[in-house]
Amino acid sequence: MNPDKLRPTASALTTSICSTIEPTDCTSFRGISRIVYRHYSRVEYVRSEAQLAKEAYLIGNIKFDRWIFLPAAFCFQAVCGTLYAWSVFNNLIDNALFSDGDGTPTNTHMAAITFYVALGCFGISSSIMGPWLERHGPKKAGLLGAALFLVGNLTTAIGIYVKHISLVYVGYGIFGGLGLGISYISPVSALQKWFPDRRGVAAGLAVSGFGAGSIVMAKIPDPLSAAVGLPMTFVILGCSYFVVMVICAFVFRVPPPGYIVNGLNVWAVRVDDAGDVDDVDDADGSMATAATETEAEIQKLGLTGISIDQHFGDSGSKSGAGSSNFDSLHPLHPFQQLTSRISIDENSTSPISPISITPTMVPSATISMNASRRNSVKSAMRTIYDPSMSMSLTDAFSSREFRLMYIMFLGNTMAGVVIISRLANIATDIFGHDKDHASTIVSINGGFNLAGRLIFAALSDCIGRKNSFLIMLGSQAVILACLPVIMTTNTNWAFLMVIWILTSCYGGGFGCIPAFLCDMFGPSNIGPMHGMILTSWSISSVGAGLLFTAVYNHLLESGYTVHDSYIYIVNLNWILAGVIVGLFVMLFVRTGVRDRLLPNMSGEFFHIRIFGRILRFGRFGVRRMSQEEEQQAWAAYVVQRQLEDEQCHSHHNPSSNKGSGGTLDVERVAQSDGFSKPVVGTMRL
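Model, not experiment: these values are computed from the prediction.

Rules used in this analysis
Residues numbered from 1 in each chain as written. Predicted model: local features only at pLDDT ≥ 70, side-chain atom pairs only at ≥ 80, totals over all residues. Heavy atoms only, no water. Helix = DSSP H or I, 4+ residues; strand = E, 2+ residues; numbered from the N terminus. Buried < 20%, exposed > 50% of the residue type's maximum accessible area, 1.4 Å probe, protein only. Pairing = 2+ DSSP bridges. Axes fitted to C-alpha atoms, helices over the stretch in contact; angles between N-to-C directions. Parallel < 35°, antiparallel > 145°, perpendicular 65-115°, else oblique. Contact = heavy atoms within 4.5 Å. Phe/Tyr/Trp six-rings, centres within 6.5 Å; stacked < 30°, edge-to-face > 60°. Lys NZ or Arg CZ within 6 Å of the ring centre and 35° of its normal. Salt bridge = Lys/Arg side-chain N within 4 Å of Asp/Glu carboxyl O. Polar contact = N/O pair within 3.5 Å; in protein donor to acceptor, adjacent residues only side chain to side chain. Expected span 1.5 Å × (residues − 1). Bend = angle between axes of the 7 residues up to and from the residue. Patch = residues over 30% accessible without salt bridge, like charges linked within 9 Å, V, L, I, M, F, W, Y side chains within 5 Å. Areas by Shrake-Rupley, 256 points an atom, 1.4 Å probe, with all protein chains shown as cover. Nonpolar A, V, L, I, M, F, W, Y, C, P; charged D, E, K, R; others polar. pLDDT = per-residue confidence, 0-100.

Tell me about the overall build of the chain, and name the residues and values.
A count of helical and extended segments in the chain gives 25 helices and nine strands. Within the chain, the fraction of its 685 residues that count as buried is 52%.

Give a description of the sheet that holds strand 7 (residues 613-618) that names residues and reports values.
In space, the three strands of this open sheet follow the order 6-7-8, with antiparallel pairing throughout. The sheet is open, and its two borders are formed by strand 6 (604-610) and strand 8 (621-624), each paired with just one other strand. Taking the axes of each pair of neighbouring strands and ignoring which way they run, one obtains an average angle of 20° across the sheet.

Quick rundown of the packing of helix 7 (residues 138-162) against helix 11 (residues 230-249)? Include the residues and the values.
Look at helix 7 against helix 11: their axes get within 8 Å of each other, and the N-to-C directions meet at 175°. By the angle class used here, helix 7 and helix 11 are roughly antiparallel.

Help me get a handle on the environment of Val-88, residues and values and all.
Looking at where Val-88 falls in the secondary structure, it is placed in helix 5 (residues 87-98). Owing to a relative accessible area of 24%, Val-88 belongs among the partly exposed residues under this scheme. Val-88 sits 132 residues away from Ile-220 along the chain, and the two C-alpha atoms are 9.2 Å apart. Ignoring sequence-local partners within four residues, the contact set of Val-88 consists of Ala-218 and Pro-221.

Give a description of the packing of aromatic side chains that names residues and reports values.
Throughout the structure, instances matching the rule amount to 37 aromatic pairs. Arranged with centres 6.2 Å apart and planes meeting at 80°, the rings of Phe-402 and Phe-521 form a pair that is edge-to-face. With a gap of 119 residues between them, Phe-402 in helix 17 (residues 400-429) and Phe-521 in helix 20 (residues 492-521) connect regions that are remote in the sequence. For the pair Phe-402 and Phe-521, a shared accessibility class is recorded, and that class is buried. Through successive ring pairs, a cluster of aromatic residues spans Tyr-84, Phe-122, Tyr-184, Phe-210, Phe-409, Tyr-506, Phe-510 and Trp-537. Across the ring face of Tyr-552, the terminal group of Arg-422 is positioned such that the distance to the ring centre comes to 4.8 Å.

Explain the side chain of Gln-192 residue by residue, including any values.
Following the sequence through the fold, Gln-192 ends up in helix 8 (residues 165-194). Ignoring anything within four residues of it in the chain, the contact list for Gln-192 reads Arg-199, Ala-203, Pro-514, Ala-515, Cys-518 and Ile-526.

Quick one: what's the story with the pairing of strand 7, residue by residue and with numbers?
Direction of pairing for strand 6 relative to strand 7: antiparallel, over a ladder of six bridges. Bridging across to strand 7, Phe-606 finds its partner in Phe-617. The antiparallel hairpin formed by strand 6 and strand 7 contains two residues in its connecting segment, where Phe-611 sits at a positive phi of about 55°. Of the strand pairs in this sheet, strand 7 and strand 8 are connected by four bridges, and their pairing is antiparallel. Each bridged residue has a counterpart across the sheet, and for Arg-616 the counterpart in strand 8 is Arg-623. Taken together, strand 7 and the strand that follows it, strand 8, pair antiparallel across an intervening segment of two residues.

How would you summarise the environment of Asn-573 if you had to cite specific residues and measurements?
Mapped onto the elements, Asn-573 comes out in helix 22 (residues 566-586). The spacing of Asn-573 and Ala-481 is 92 residues in sequence and 8.0 Å in space, taken between C-alpha atoms.

Before we move on, could you go through the pattern of salt bridges and cite the residues and values that matter?
Counted according to the given criterion, the structure contains twelve salt bridges. Salt-bridge contacts for Asp-595 lead to Arg-609; the nearest nitrogen and oxygen are separated by 2.7 Å. Here Asp-595 is found in helix 23 (residues 593-597), whereas its partner Arg-609 is found in strand 6, with 14 residues between them in sequence. By relative accessible area, which is 29% here, Arg-609 ends up partly exposed. Among the ionic contacts, a cluster of salt bridges with common partners joins Arg-199, Asp-461, Arg-465 and Asp-519.

Mind laying out the environment of Arg-590, listing which residues take part and the relevant values?
On the secondary structure map, Arg-590 appears in the loop between helix 22 and helix 23. C-alpha of Arg-590 to C-alpha of Leu-404: the two residues are 186 residues apart in sequence and 9.7 Å apart in space. At a separation of 2.8 Å, a polar atom in the side chain of Arg-590 contacts the side chain of Glu-401.

Explain helix 6 (residues 113-136) to me, and be specific about the residues and the numbers.
The end-to-end C-alpha distance of helix 6 is 33 Å, a good match for the 34 Å that 24 residues give at a rise of 1.5 Å each. Along its length, helix 6 reaches its greatest deviation from straightness, about 45°, at Met-129, and the proline Pro-131 lies no more than four positions downstream. Once helix 6 finishes, Gly-137 follows within two positions and takes phi at roughly 90°, a positive value.

How would you explain helix 21 (residues 526-557) if you had to name every residue and give the values?
Taking 1.5 Å of rise per residue, 32 residues should cover 46 Å, and helix 21 covers 46 Å from first to last C-alpha, within 8% of that figure. Just downstream of helix 21 lies Gly-559, where phi reads positive at about 120°.

An account of a nonpolar patch on the surface is requested, with residue identities and associated values reported.
Together, Val-151, Val-170, Ile-174 and Phe-175 give the surface a local cluster of nonpolar side chains, amounting to about 260 Å² of exposed area. In terms of residue count, helix 8 provides more of the nonpolar patch than any other element does, three residues in total. Note that Val-151 resides in helix 7.

Give a description of the packing of helix 5 against helix 11 that names residues and reports values.
At a closest axis distance of 11 Å, the pairing of helix 5 and helix 11 adopts a crossing angle of 135°. What the angle tells us is that helix 5 and helix 11 run oblique. On helix 11, the residues touching Phe-89, Leu-92, Ile-93 and Ala-96 of helix 5 are Leu-230, Thr-233, Phe-234 and Leu-237. Residue composition of the contact of helix 5 with helix 11, by class: seven nonpolar, one polar and no charged.

Which residues make up the confidence of the model for the chain, and what are the values?
Considering every residue of the chain, the mean pLDDT works out to 77; 73% of them sit at 70 or more. Note on residues 1-21: pLDDT under 50 across the span, and 26 contacts to partners over four residues away in sequence or across chains. Segment residues 349-385: pLDDT under 50, and 103 contacts once partners within four positions in sequence are set aside and those in other chains are kept.

So what's going on with the side chain of Glu-630? Residues and values would help.
Position of Glu-630 relative to the elements: it lies in helix 24 (residues 627-652). Among the residues examined, Glu-630 registers a relative accessible area of 7% and is labelled buried. Here the side chain of Glu-630 touches Arg-609 through a polar contact of 2.8 Å, side chain to side chain. With residues up to four places along the chain from it excluded, the contact list for Glu-630 reads Arg-594, Arg-609, Ile-614 and Met-625.

See the structure below:
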């Protein structure tokens, strides 16, 4: 079955729901449903020629270079990472608001709730504002996030000054959390487009700043509050954060139309010097071989009337009955609509500096039909082999792979966020470290958090995203299984070693997930998808944190003391179960294109590739497909897709092969897709 046919429409969804509610409420529900559907289904970012020309320069006559983006993103994320250092404010705020004024520490501890409120708002903001980010660009998103974070810090200062904890919750918790949520995803989304050749490294370097922020911030609040007072501390820090974030945000931008770096476009598809899609490889490097094998299998099936050239298209074919039909699939696909291009070869020995190349806009309303058809055919071939090329945002959200990745990321973050929040207590209460040593352990742990984001992100570029997550989740499971023995025997060196490794795996998840989402669902969906999957981190932070605290307090009330390792061991059991669930579902994430597109057979529930062979699970039990059976099934799918596309092409584009002078009117095509003017000089990512 064609996956495109599974896409639900807003009208069908609202009709089925409205049939179960009162008619008076149906109209308002339809309106809300349309707004939500429109918000999450539109991710196009259209820019004028003037804006593109302006973005070619950083400031004045200094040309923009993609490597400038990395340090700006790192500093921007470092400000966002100060959220991790909130615990240093807990006692300061509690004493300022609830103490008697005689210097005696208060027994009321309410400031810590602010952290959980901020985490919840962080996830809400990142999930809701993702599509808005894609439509308006990372600069506007970064400025909006900086403004909200400034308002949050100033409101917190007022709350401390007037001694109202509710203003602290509203300020740093709500406004600060919302600002940090949109700020966190802003540079990461754009970096995936600027670095198609180094997606893992780019994401890792950016989000490592989030870990660095907590390390730098941990030592500042105490001396600063002692010098100027706690309310003024938040004013100074808030204004300083705002200045840094605004400066960094003005560096943020997405690539120009037709951006190519080291032979790759933003979809990580290899293109030739003319901008045409080159013969590209699948994840396992077997695309060309697979195409040849598929053609042979089609002939074996006796379907000689449909050849692989008909399905994929003949790049040299003219208009006619035998030409490819894929022009109708994506009439405004970026491969076809662009008549301008910026190509950068960082390995070139040419005396021309890569950063000196400026995109040249060609104000032409027509493009060659032969060139368009060649691009369309090759783009369609890539679409058949890579679902992310044509997947809409709504399809991506509803896909099985995203649901599994959501659970996987929840399991990956659960252990880290709980252990990090309790590490100082474990070090002092169980292993007998003093407060200074415990503080040092926490600081070193932050360094491993940062290092994990870099190491695993870079590793994922070499061994793949799924394999990297399998290593991280597997390591966490082994460590959590060993921790009860280590804590019972009070083995300090082993505790430090495994905790720092576990924290590296926790940070590595944040470094790998943006590139993983970009690989699976395409660069145009990365902003919303990244924001949505961060809600799993919010759930694990708030849910797991509250559950851990509830179990911890219950055991203390039952007679255990803070020095008994049992109160931690009990919690480690359910955390281990969550990690194992994440590891298990990760096995069923289908990263191979053939695995994702191959239809289920009759009675089949799902299929998965293990050790190079597909296993089918269904009412018939478990069946292992041979290589020949897999090739035949894939050839049958290719033929089915060809027939469906031919019917779609005939219905929607009956005169596509007719033209005047062999040209395709770009303006006419643009208007047919809802645009009011030519898209020359614009980019839809």
